[in-house]
Amino acid sequence: GKNFLAKTGPHKVKVIFFSKTGERASPFVRQISRNYWAYASFAFVLWREEESSIWWNTFEVESAPAIVFLKDPGVKPVVYYGSFNNSRLSEVMEQNKLQELPQLRSVTSMELGCDARGYSRAGSDTTIWYCVILAGRLSPELNKMRETIRRVQETLLSDDESNAADTDQSLAPAAVAFRNKRLTFAWLDGEAQDRYCSFYLFSETSFETCGARRDMSDVPRLFIVRYKRNTTEDEAKIERKPRNIWDAMQEQEVDPASQLVVRYNGSDEIPQIAKWVSEIIQDGDSKDLPFYRAKTPELVPEDSEPLLTRSAQSLFSKSIGMKQRIRNIMGQCYDYLGDPRIGPALLLAALMSFGTIWLMRGQQRAHPSQSGQPGPSANEDENRPARRKRAKQGSNEGRPPSITDEEPKDAYQMPLLDSDSD
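Cut-offs applied
- Residues numbered from 1 in each chain as written.
- Predicted model: local features only at pLDDT ≥ 70, side-chain atom pairs only at ≥ 80, totals over all residues.
- Heavy atoms only, no water.
- Axes fitted to C-alpha atoms, helices over the stretch in contact; angles between N-to-C directions.
- Helix = DSSP H or I, 4+ residues; strand = E, 2+ residues; numbered from the N terminus.
- Parallel < 35°, antiparallel > 145°, perpendicular 65-115°, else oblique.
- Contact = heavy atoms within 4.5 Å.
- Nonpolar A, V, L, I, M, F, W, Y, C, P; charged D, E, K, R; others polar.
- Buried < 20%, exposed > 50% of the residue type's maximum accessible area, 1.4 Å probe, protein only.
- Pairing = 2+ DSSP bridges.
- Right-handed = clockwise from strand over helix to strand, strands pointing away.
- Disulfide = S-S within 2.5 Å.

Visitor: What exactly am I supposed to notice about the packing of helix α7 (residues 172–179) against helix α11 (residues 270–286) here?
Guide: The description of two packed helices rests on the angle between their axes and on the distance between the axes. Taken N-terminus to C-terminus, the directions of α7 and α11 make an angle of 80 degrees; their axes are 7 Å apart at the nearest point. Relative to α11, α7 is oriented roughly perpendicular. Of the residues in α11, those in contact with A172, P173, A174 and A177 of α7 are V277, S278, I281 and Q282. When grouped by side-chain class, the residues that make up the contact of α7 with α11 number six nonpolar, two polar and no charged.

Encoded structure:
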């Protein structure tokens, strides 16, 4: 159990099956573990009576067979007792595949509605929706803030379910949006999603939240993103065909949904955070805010898909095609060209190249004079006949022999007769 918990990543739900017989996983359990590998990690534990106190103190498991779901740090484990068939296990996995405060990942962004390329959880007809994101590196400070955001969710849920006379009217916009699935809460791993985190929290102090840990300070930060789709523009959009392949590669398509970001700068008190979220939603729904679209960085997958479950269609990401990958590579090249350090580096490389060529030519010119051999201009005239002789010999080497090449032994010279003689 300890090894399983230590090896499992913090971005996955941990699923533990307890059995009294210690049998291997059935085929439908293996199939479900394969279908939900991106959301959860699975393990089988043999139940022994002498270890029952350990499992009760650790996971609050009374008997076997049972299934335990371990989610966020500090959250009470979810325990199901009894045997499960295929349909029941699938239903339970679908209900518990996400953490209590879901993590914003490449496989969950569309499902949570926190992606400018997708739609709200309420459906594609929703024009405006919101996503509250808690960003930070994995640390005790982040775990404490995640618990605070879970309490905010419970506050909005209880405020929406209570009577109208008992509800706080200042929290009504957020409670209604949360009930209608126009509001989502999620947390983001700022270290693994460095580019995505810096895109929304770009400031002088963003290194305390995004990227690798540089010092001992880890400061989780909270911000809300307002998404808005222009349905008229989506319907009237005409696809323009590129003139050539370079136009197709260089054309940068922005996200279809507009994004407006607001950072939270208040205290960590639950009522104040809930009130701030409600005020942002009220302003976002009532005011005519600017329609600003941009290109959001891609979320980095936390782990690669196992080779056995990889198909030919999953060689490339479902959300990123070959065309988009080439665009990303070209964009990175343009970013490097815009770096001010590129100019001096290229100049240094050119100087070193020219210096190397100059030294090699100088050595070639100095080498014949140092060895005492005359230069090519001094013996040019005397070598010219020898070169002609070698050229003649080389030109006749490949020819077949002729009767005029050699003189026979019994040959003699016939005298020429004078035309005036008899």
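Structure shown, so let's carry the discussion forward.
Visitor: Help me understand the pairing of strand β1 (residues 13–19) in this model?
Guide: Regular strands place their side chains on alternate faces of the sheet. Of all the seven residues making up β1, seven are buried; the element is thus mostly covered by neighbouring parts of the structure. Neither face of β1 is open: one carries V13, V15, F17 and S19, the other K14, I16 and F18, and all of them are buried. Alignment of β1 against strand β2 (residues 40–46), held across seven bridges, turns out to be parallel. For I16, the partnering residue across the bridge sits in β2 and is A43. Note on the crossover from β1 through helix α2 (residues 27–35) to β2: the handedness is right-handed.

Visitor: Teacher, can you tell me more about the state of the cysteines here?
Guide: By definition, a disulfide links the sulfur atoms of two cysteines through a covalent bond. Across all of its chains, the model carries two disulfides by this definition. The disulfide partner of C114 is C131, and the S-S distance across this bridge is 1.9 Å. Handedness of the C114-C131 disulfide follows from its S-S torsion of about 85 degrees: it is right-handed. Placement of the pair is C114 in the loop between α5 (109–112) and β5 (128–136) and C131 in strand β5, with a sequence separation of 17 residues. With a sulfur-sulfur separation of 1.9 Å, C197 is cross-linked through a disulfide to C210.

It is worth stressing that arrangement in space is one thing and function is another; only the former is reported here.
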